[in-house]
Each structure stands twice: as C-alpha cells, then as structure tokens.
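Inside the fold
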Protein chains: 2
Amino acid sequence: MAAPRYDVLGIGNAIVDVIARAEDDFLVAHGMHKGTMALIDEARAQAIYDAMGPAVESSGGSAANTIVGVASFGGRAAFVGKVKDDELGRAFAHDIRAARVTFDTPPASDGPSTARCYIMVTPDGERTMNTFLGAAQDLHPNDIDEATIAAAAIVYLEGYLWDPPHAKEAFVKAAAIAHRAGRRVALTLSDSFCVDRYRAEFLALIRKGTVDIVFANEHELRSLYQTADFDTAVKQLRGDAKLAVVTRSEKGCVVVSRDAVEAVQAMPIDQVVDVTGAGDLFAAGFLVGHSHGKDHRTAARLGALAAAEVIQHIGARPAVTLKALAAENGLPV
Amino acid sequence: MAAPRYDVLGIGNAIVDVIARAEDDFLVAHGMHKGTMALIDEARAQAIYDAMGPAVESSGGSAANTIVGVASFGGRAAFVGKVKDDELGRAFAHDIRAARVTFDTPPASDGPSTARCYIMVTPDGERTMNTFLGAAQDLHPNDIDEATIAAAAIVYLEGYLWDPPHAKEAFVKAAAIAHRAGRRVALTLSDSFCVDRYRAEFLALIRKGTVDIVFANEHELRSLYQTADFDTAVKQLRGDAKLAVVTRSEKGCVVVSRDAVEAVQAMPIDQVVDVTGAGDLFAAGFLVGHSHGKDHRTAARLGALAAAEVIQHIGARPAVTLKALAAENGLPV
C-alpha cells in the first residue's frame with residue numbers, strides 16, 4: 001500500500017452559499033423549518049431570493065467546507081464535486097483551490113447553473129438552509145478517478161450525496177476503491193431530514209462496513225434510530241459503527257467506539273454569530289487529528305476548536321488559519 | 001417645488017466586491033498601493049483573482065454603499081448605476097433593492113460583465129482595491145431620468161464616475177437637473193489617486209457651484225490642494241466650497257462651512273476588522289442627518305456612528321439596521 005498523497009479527500013455537493021440575516025417570522029412566513037436543510041427547485045429558489053434581504057455569497061457545501069478546514073489545519077486535502085462553468089462555479093473553484101485543496105472535477109458545460117444554498121441566519125445564530133442542487137445533480141461515477149481516491153488516507157462523504165440521482169453511485173464507487181486500496185471511509189449523516197429520507201440505506205452502509213467512521217449530530221442520530229432518547233441511540237450506534245462521533249452543540253461531543261464512549265467538551269465562546277459550518281468544521285478537526293495519528297480525545301478537541309472558530313462569524317469556512325489557531329491552543333497538528 | 005420623493009439619490013459605479021484577507025507581502029508582490037483604489041483591465045483582474053485567497057462576494061460600489069446606508073437609517077433612497085444582466089449583476093440588483101433602495105437602471109444585455117472590485121484586507125484592517133469597471137463603463141446620460149433626479153432632495157455623486165467615459169456626462173446632466181429643480185448636489189472625492197487624475201475638473205465643479213456639499217478624507221483633500229499641510233488645505237477648501245466634510249479616520253472629522261470649522265470626534269471602537277466602506281457610510285449618516293434638517297454636528301455624529309459600524313466587520317455595507325443603532329446611541333433619525 002503506497003503512502004497516501006492526501007490526508008482527506010471529500011466528495012460532496014459543490015455549492016455557493018447565499019447568506020442573509022432574517023427574523024424568525026421570515027422562516028414562518030416562507031414555510032421553512034428552522035435549523036434544517038430543505039431541497040428546493042429553481043422557481044422556489046427565485047422566490048426565496050426575491051424575498052430575502054441583502055446577501056453575501058461565499059463558497060460552501062458541507063464536505064467542501066470540511067475539506068477546506070482540513071487544508072487550513074495543514075492537512076493534505078482534495079475535493080470532488082460538480083459545478084457549472086458559470087460565475088458562481090468559477091468562484092467555488094477559485095475559493096477551494098485558493099485554500100490549497102486539489103479540485104480537478106471538470107465543470108459541467110451545460111445544464112443547470114451551479115448549486116446555491118440560500119441560508120437565513122436568525123438573531124440566535126441558527127441557520128436555515130434551502131438548497132437548489134443545480135449542477136451538483138450531475139456528479140456521476142465517471143467523476144470518480146480511481147488513482148485519486150486510492151491516494152487518500154480517508155475518503156469523506158456527505159449524506160446529502162444521496163439526493164442527486166447519480167451521486168450515490170459515485171459515493172459507492174469511491175468507497176469501494178478506498179477499501180480496495182486499504183483506506184478508510186467516513187460519512188456524515190448531514191441533516192435529520194436527510195436521515196429521514198435515506199435511513200435504511202445509511203444504516204446498511206454503517207452495518208455492512210461500507211463506512212468506517214460516522215459523524216452525526218444528536219438530531220441526526222435520534223432520527224437514524226428513531227428514538228427520542230440519546231443514550232439509547234448511542235448504544236445502538238456503538239453496536240453498528242466501528243467509530244462514530246456525535247456532536248451536541250454547546251454540550252460537546254461523544255466519541256463512540258467498540259472500546260469506549262468518551263465525552264469531550266465544547267470550546268467556550270463569546271457569542272454565536274452563525275452556526276453554519278459548525279458540524280463541517282468539527283469533522284475537519286477530527287479527521288485531520290485522526291489521520292495524523294492523534295488519539296480520539298485530541299482529535300475531538302481539534303474538531304471543537306474549528307467548530308468554535310466558524311460559528312463566531314458569518315460563513316461556513318474558517319476566517320483564520322486553523323493550524324495556527326490549534327498551535328495557540330496547545331493542540332499542534 | 002414639489003416635496004422630494006427621495007432624501008438621497010446616488011449615482012455611482014455598480015460594483016460587486018470580491019473580498020479576501022491578504023498579508024502586506026501580497027500587496028508588494030503584486031504592485032498594489034495599500035489603502036488606495038487602482039483601475040485594472042480584465043487580464044489583470046484574472047491574474048489578481050488567480051493569486052488571491054478564498055474570497056467572499058458582497059455588493060459594493062462607493063455611492064451604492066452610501067445609499068444603502070441612507071436606507072438603513074430609514075432614509076428614502078434611490079441609486080443609478082450600470083450592471084450587466086449576469087449573475088453578479090443580478091446579485092447587485094437584488095442586494096440594493098432588498099435594502100429598500102429604488103434601483104431602476106436597466107442592466108446592459110451585452111458588453112463586459114458586471115464590475116468587480118478585488119479587495120485585499122490586510123491584518124491591520126486596511127483595504128486595497130483593484131477595480132475592473134466592466135459594465136459600469138456603460139453608464140450613459142440616457143440612464144439619467146429627469147423626473148427621478150428632480151425628486152431627490154440631495155443627489156450624491158462619486159468622484160470615481162470620472163473614470164468611465166460617459167459617466168461624467170451623466171454626472172453633469174444629473175447635477176444640472178438637480179439644481180434646476182432646486183435640489184442640492186453632493187460629491188465625494190473618492191480616492192487620492194482619483195483626485196490626482198481629475199484635480200482640475202473637481203476643483204472647477206466645487207468652485208463653479210456645480211457641487212454644494214463635498215466629502216473628502218484628509219489624503220484626498222491634501223491631493224486636491226497639493227499640500228502636505230492639513231490646515232492649509234482646509235483653509236483653501238473653506239474658500240471654495242459651500243459645505244464640506246473632511247474625515248480623518250480615528251481623529252474624527254471636520255465640518256467646513258463659510259461660517260465655521262467644527263471638529264467632531266470619531267466613535268470609539270474595539271477593533272478595526274475591515275475599513276472598506278468607512279467613508280461611504282460616514283457620508284450616509286451625514287447625508288441622512290443633513291437631509292432631515294439636523295445640525296452639522298449631529299449629522300457628523302450619525303456619519304461617525306455608521307462608519308464605526310461598518311469597519312468592525314468584513315464588507316462595506318451595514319450588518320445591522322442603522323436607524324436602530326442610532327436610536328440606541330441617542331441619535332434618533
């Protein structure tokens with residue numbers, strides 16, 4: 001087995017975020033479920049955009065945010081996802097490459113425009129997301145390059161990939177390549193409604209060992225096992241997954257393995273401005289720590305540090321170099 | 001004379017900002033003059049974009065930022081400027097309309113793309129700007145609608161309009177309409193290099209009374225009168241202008257009129273994050289106060305308040321409602 005060229009390679013929907021502040025009333029008036037992600041068609045995207053306030057555009061996408069976080073920690077990172085060759089697609093490609101992530105997926109030359117996620121940030125810092133998948137729908141198994149996938153120590157996949165029609169085939173192909181190459185596969189469950197849409201498939205991936213490391217927040221975990229009781233869900237997860245990390249916002253996280261369930265505290269912060277990207281950046285810290293051979297607790301603390309950074313400003317990507325931030329916090333990567 | 005329908009109508013280059021953090025070394029390596037605005041062609045725009053870090057896109061443009069500030073203070077506001085009918089142009093139009101600004105200038109259907117300003121924010125919070133004017137070059141006197149201009153108590157123009165070939169004709173046409181309708185005309189000098197390009201013309205506008213209110217920072221003022229001595233420049237300005245406001249960053253501002261030179265302090269702030277928009281938002285506060293009949297000192301304090309808000313976050317437009325912020329600070333508008 002060759003030494004990996006990348007610490008983490010992510011596969012996900014390549015999305016540009018369109019972020020505006022909104023009052024809670026706005027969510028109610030537009031039928032949005034606070035704190036969750038809804039898929040929308042182009043007509044609804046236009047209607048939401050027309051109604052929402054002044055916005056800023058910032059590259060996003062769950063796995064893409066994670067991979068940018070990995071690179072910010074100094075990890076060797078690559079991303080696979082589909083944009084169109086349009087202004088927003090070029091912005092997405094610029095931003096991820098400028099973050100020193102290898103990104104070679106060819107853009108779509110026709111078809112729908114680059115995916116956009118309309119994000120409403122309410123005064124409490126919670127984010128409510130509406131995703132028009134656009135060109136991300138065209139991610140196809142042909143976009144999965146065997147040599148690239150096999151060169152990554154960990155292949156990280158987002159549960160949202162179950163939404164576009166061919167992306168799950170790309171996902172399954174990548175997982176198979178990774179395992180043949182002796183690499184590991186990680187999955188984030190993405191969103192509680194996403195879990196609701198694909199519960200049986202996600203459980204099968206975990207139970208069959210297609211996935212080695214699972215990331216979930218407590219809502220997603222409860223949805224996965226259809227229980228309101230956190231401890232019950234953790235117990236089931238422990239039986240199913242080789243390694244899992246469950247994030248619990250300000251309550252920190254638990255690292256669940258066959259050997260132990262370890263709780264790790266969240267980082268204290270001054271003010272939550274925008275929680276967008278919290279889970280994504282937690283995964284970045286954990287994955288970079290894990291791929292560098294740190295113990296679970298240290299990896300989880302790196303995750304907590306990155307999550308704390310990203311929720312203190314607007315936007316889902318780090319505003320500082322996470323490697324430097326980690327060193328300042330006594331967590332050299 | 002009919003009651004004005006708008007407190008302030010701005011005419012300026014309609015630009016989308018592309019904002020990234022950069023070290024001072026980056027400015028040196030790319031031949032940029034810190035703190036200033038340079039005009040660039042499309043090839044240089046591409047080269048700068050390729051070299052710069054991950055960016056966020058946010059609607060900008062000097063006069064447009066001011067007008068959005070006026071609307072945020074609850075002022076009745078309109079804007080005239082040229083975008084292309086492309087993704088960034090639609091974002092510009094969305095953002096300014098979502099800020100409750102009337103914006104009816106038809107977009108260009110062909111020709112260059114919507115103007116972009118590549119902004120490097122250094123660790124000291126200073127911004128260095130590189131503007132590709134694109135579709136803003138196509139602002140034409142035909143875009144100046146007589147009834148709209150005549151309906152604004154103050155027409156506010158940016159000195160940057162001297163750069164695109166036909167915009168200055170639009171500027172002169174708008175000023176003439178405003179004065180025929182018994183309205184006032186305000187001008188910002190925009191940038192010290194801009195003053196250097198058009199010194200004689202700017203002085204003529206002020207001396208001939210084409211402009212009633214002048215906004216400048218101290219660098220621009222010194223450039224206008226080609227003197228290193230601030231007091232000498234202020235004395236000359238007092239002889240030339242009916243009313244002028246000179247901003248001096250953390251030293252506050254001076255309001256210069258035939259009757260008096262009044263100094264007004266800056267608002268104390270915790271940390272300068274990004275000075276982009278400081279002058280634009282100062283003008284917003286002053287103009288809204290002035291158009292609402294406040295005295296010069298109160299108008300300047302509203303300007304200082306808006307400037308202080310905008311420099312404490314990334315981006316050149318207010319992140320809070322300035323009307324509420326003013327009320328909280330004992331400055332009801």
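Since we're looking at a predicted model, the values are computed, not measured.

Rules behind the numbers
Residues numbered from 1 in each chain as written. Chains lettered and ligands numbered in written order. Predicted model: local features only at pLDDT ≥ 70, side-chain atom pairs only at ≥ 80, totals over all residues. Helix = DSSP H or I, 4+ residues; strand = E, 2+ residues; numbered from the N terminus. Rg over C-alpha atoms; globule rule 2.2 N^0.38 Å. Buried ≥ 20, exposed ≤ 12 C-beta atoms within 10 Å, placed from the backbone. Contact = placed C-beta atoms within 7 Å. Nonpolar A, V, L, I, M, F, W, Y, C, P; charged D, E, K, R; others polar. Pairing = 2+ DSSP bridges. pLDDT = per-residue confidence, 0-100. Axes fitted to C-alpha atoms, helices over the stretch in contact; angles between N-to-C directions. Arc of directions from axis to C-beta. Parallel < 35°, antiparallel > 145°, perpendicular 65-115°, else oblique. Least-squares fit on C-alpha atoms with pLDDT ≥ 70 in both. Right-handed = clockwise from strand over helix to strand, strands pointing away.

**Some points on the overall build of chain A**
Within chain A, the regular secondary structure consists of 12 helices and 14 strands. Taken over C-alpha atoms, the radius of gyration comes to 18 Å for chain A, in line with the 20 Å a tight globule of 333 residues would show. Principal axes of the C-alpha set define a box for chain A whose edges measure 50 × 40 × 40 Å. Every one of the 333 residues in chain A was classed for burial, and the buried ones make up 56%. Contacts spanning at least 24 positions in sequence make up 76% of the contacts within chain A whose residues lie at least 6 apart.

**Some words on the interface of chain B and chain A**
Listed by partner, the interface residues are 19 residues for chain B and 19 residues for chain A. The set of elements that each furnish at least two residues to the side of chain B that touches chain A consists of β4 (56–59) and α4 (87–98) of chain B. If one sorts the elements of the side of chain B that touches chain A by residue count, α4 of chain B sits on top with six residues. Counted by class, the side of chain B that touches chain A contains nine nonpolar, five polar and five charged residues. Of the strand pairs in this sheet, strand β4 (residues 56–59) of chain A and β4 of chain B are connected by three bridges, and their pairing is antiparallel. Within the sheet, the bridge partner assigned to valine 56 of chain A lies in β4 of chain B and is serine 58 of chain B.

**Considerations on the environment of alanine 316 of chain A**
Relative to the helices and strands, alanine 316 of chain A is located in the loop between α11 (296–310) and α12 (322–328). When neighbours within four sequence positions are excluded, alanine 316 of chain A is seen to be in contact with Asp17, Gly60, Asn65, Thr276, Gly277, Asp280 and Val310 of chain A.

**So, the confidence of the model for chain A**
With 100% of its residues at a pLDDT of 70 or more, chain A has an overall mean of 96. On the interface metric, ipTM, the complex scores 0.94, and its pTM is 0.95.

**What to know about the environment of glutamine 236 of chain A**
Structurally, glutamine 236 of chain A can be placed in helix α9 (residues 230–240). The spacing of glutamine 236 of chain A and alanine 108 of chain A is 128 residues in sequence and 41 Å in space, taken between C-alpha atoms.

**Examining the sheet that holds strand β13 (residues 253–257) of chain B**
All names here are of chain B. Within the open sheet, the nine strands sit side by side as β6-β5-β1-β9-β10-β11-β12-β13-β14. Their pairing is mixed. Both edges of this open sheet fall to β6 (101–103) and β14 (261–264), since each of them pairs with a single strand only. When strand polarity is set aside, the average angle formed by the axes of neighbouring strands in this sheet is 20°. Direction of pairing for strand β11 (residues 213–217) relative to strand β12 (residues 243–247): parallel, over a ladder of five bridges.

**Brief notes about the sheet that holds strand β5 (residues 77–80) of chain A**
Residues and elements named next belong to chain A. With respect to topology, nine strands assemble into an open sheet ordered β6-β5-β1-β9-β10-β11-β12-β13-β14, the strand pairing being mixed. Each edge of the sheet is formed by a strand with only one pairing partner; in this case those strands are β6 (101–103) and β14 (261–264). Averaged over all adjacent pairs, the angle separating strand axes in this sheet is 20°, with direction ignored. By the bridge criterion, five bridges tie strand β1 (residues 6–11) to strand β9 (residues 152–158) in an arrangement that is parallel. If you follow glycine 10 over to β9, its bridge partner there is tyrosine 156. On top of the sheet, helix α8 (residues 218–225) reaches β11 (213–217) and β12 (243–247); it is set at about 110° to β11, its chief contact. Those strands touched by α9 are β12, β13 (253–257) and β14, and its axis lies near 35° from that of β13.

**Remarks on α8 of chain A**
Helical geometry: 3.6 residues make up each α-helical turn, so side chains three or four residues apart lie on a common side. All names here are of chain A. Glu220, Leu221, Ser223 and Leu224 are the residues of α8 that are buried. Looking straight down α8, one finds that the buried residues subtend no more than 160° of arc, so they occupy a single side. For α8, the elements touching its buried residues are α7 (192–207), β11, α9 and β12. With its phi angle positive at about 50°, glutamine 226 sits one or two positions after the end of α8.

**Description of the packing of helix α8 (residues 218–225) of chain B against helix α9 (residues 230–240) of chain B**
Residues and elements named next belong to chain B. Viewed as axis vectors pointing N to C, α8 and α9 meet at an angle of 70°, and their least axial separation amounts to 9 Å. As the angle between them shows, α8 and α9 are arranged roughly perpendicular. Across the interface between the two elements, Glu218, Leu221, Arg222 and Tyr225 from α8 touch Phe230, Ala233, Gln236 and Leu237 from α9. When the residues that make up the contact of α8 with α9 are grouped by side-chain class, the tally is five nonpolar, one polar and two charged.

**Notes on unusual backbone geometry**
Residues and elements named next belong to chain A. The backbone of serine 190 shows a phi angle near 75°, a positive value even though the residue is not glycine. As for its position among the elements, serine 190 is in the loop between β10 (184–188) and α7. The exposure class of serine 190 is buried, given the 29 C-beta atoms found within 10 Å.

**A few points about the relation of the copies chain B and chain A**
Expressed as a screw operation, the relation of chain B to chain A combines 0.0 Å of axial shift with a rotation of 180°, fitting to an RMSD of 0.0 Å. With respect to symmetry, the two chain copies, as superposed, fit the operation of a two-fold axis. Taking C-alpha positions as reference, the residue of chain B nearest the rotation axis is glutamate 57 of chain B, located at 2.5 Å. Comparing interface residues between copies, 100% of those in chain B also sit at the interface in chain A, which points to an isologous, same-surface contact.

**Considering the pairing of β11 of chain A**
Residue and element names in this part refer to chain A. The buried fraction of β11 is high, at five of five residues. Because side chains alternate across β11, one face comprises the buried residues Ile213, Phe215 and Asn217, and the other comprises Val214 and Ala216, equally buried. Alignment of β10 against β11, held across three bridges, turns out to be parallel. For threonine 188, the partnering residue across the bridge sits in β11 and is phenylalanine 215.

**Description of the pairing of β10 of chain A**
Residues and elements named next belong to chain A. The buried count for β10 comes to five of five residues, which makes it a mostly enclosed element. Burial of β10 is two-sided: the residues Arg184, Ala186 and Thr188 facing one way and the residues Val185 and Leu187 facing the other way are all buried. Judged from the five bridges that link them, β9 and β10 form a sheet pairing that is parallel. Within β10, the residue paired with isoleucine 154 across the bridge is arginine 184. Since β10 and β11 lie parallel, the crossover through α7 that links them has a hand, and here it is right-handed.

**Quick look at the environment of glutamate 42 of chain A**
All names here are of chain A. Within the secondary structure, glutamate 42 is located in helix α2 (residues 42–51). Here glutamate 42 falls in the partly exposed class, since 13 other C-beta atoms lie within 10 Å of it. Residues glutamate 42 and alanine 300 lie 258 residues apart in sequence; the distance between their C-alpha atoms is 38 Å.

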